[in-house]
Amino acid sequence: MRLQNRRSIRLRGFDYTSAGAYFVTLCTYRRRRVFGAIAGGRFAATAAGRIAEDEWRQSAVIRSEIELGPFVVMPDHFHALVIHRGVAGPSTSPPRPRLHGAALRPTGPPPASLGALIAGFKAAVTTRVNGLQETPGERLWHRNYHERIVRDDRAYRCIAAYIDRNRARWWDDRDHGR
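This text gives an overview of the structure that appears in the document. (Residues numbered from 1 in each chain as written. Predicted model: local features only at pLDDT ≥ 70, side-chain atom pairs only at ≥ 80, totals over all residues. Heavy atoms only, no water.)

## Some details on the pairing of strand S2 (residues 36-39)
For clarity, the cut-off: Only protein chains enter the accessibility calculation, which uses a 1.4 Å probe; a residue is then buried when its area is under 20% of its type maximum, exposed when over 50%, and partly exposed in between. Here a helix means four or more residues in a row that DSSP labels H or I, a strand means two or more in a row labelled E, and each is numbered from the N terminus. The pairing criterion is simple: DSSP has to find at least two bridges between the two strands.
Burial along S2 is one-sided: Gly36 and Ile38 are buried, and none of Ala37 and Ala39, which face the opposite way, are. Pairing geometry for S2 and strand S3 (residues 42-45), over 4 bridges, is antiparallel. Note that in S3 the partner of alanine 39 across the bridge is arginine 42. Between S2 and S3, which pair antiparallel in sequence order, lie 2 residues; one of them, glycine 40, sits at a positive phi of approximately 60 degrees.

Structure below.
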C-alpha cells in the first residue's frame, strides 16, 4: 500500500552524512506548547522543555560526527545549527537483505546522517516526555523536520543571530502573538 503525500522534503541527491552545517527546525505535533512559555522575552521551560535541551546536548556526546552550534527550545518548536564532521566511506546503508530474490527497501535514515541525528533526538525526547507524563505512545513531534544546508560563514552568522533573537521575537510572530 502506498501512502499518499509521503514525498521527501530533503534535497534530492544530497549526502546528509557529508561534512557541513545545517539549520534544523522541528515542530511539536499540532504546535502544542509543551516545552514552556515565553513572557517578557524570557523562556520558562517545562520539564519537557528541559528534557529537549538535555537530549540535544546529549546528542553531541553520543554522536562523534556532530558538533552543536547555537540552538533554542521554544514553546512549540526547536531550532538548531548542527555542524556535521562527515563520515568516512560511502553513505549508503548496509547491503539490502533479499526476500525471494527482490531487495527489501531499507527503513530509516542512513547511519550517522542528519536524519539519523534528528530521528534519535526526537525518539529520545518523546520517550522521556511520555514517561514523565505517563502518556505512552502519544505523539510529541510533527512527522518531519525542516532543514537548510548552510552554504557559508555569513549564512551561519545570520542563522545564529536568528536563533539568538527567537525568544525575544515570539510575540511578533503572527502564529504566536495572538
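Following the structure, the description resumes.
## Let's talk about the sheet that holds strand S8 (residues 146-150)
This is how it is decided: Fitting a line to C-alpha atoms yields each axis, with helices limited to the stretch in contact; the angle taken between N-to-C directions then spans 0 to 180 degrees. Whether two residues are in contact is decided by their heavy atoms: any pair within 4.5 Å suffices.
The sheet built from 4 strands is open, its strands ordered S4-S5-S1-S8 with antiparallel pairing. Two strands bound the open sheet, and with one partner strand each, they are strand S4 (66-73) and S8. Averaged over all adjacent pairs, the angle separating strand axes in this sheet is 15 degrees, with direction ignored. Here helix H1 (residues 47-62) sits on the sheet in contact with S4 and strand S5 (77-84), set at roughly 165 degrees to S4. Packing of helix H2 (residues 114-133) onto the sheet brings it into contact with strand S1 (20-27), S4, S5 and S8, and relative to S1 it is tilted by some 35 degrees.

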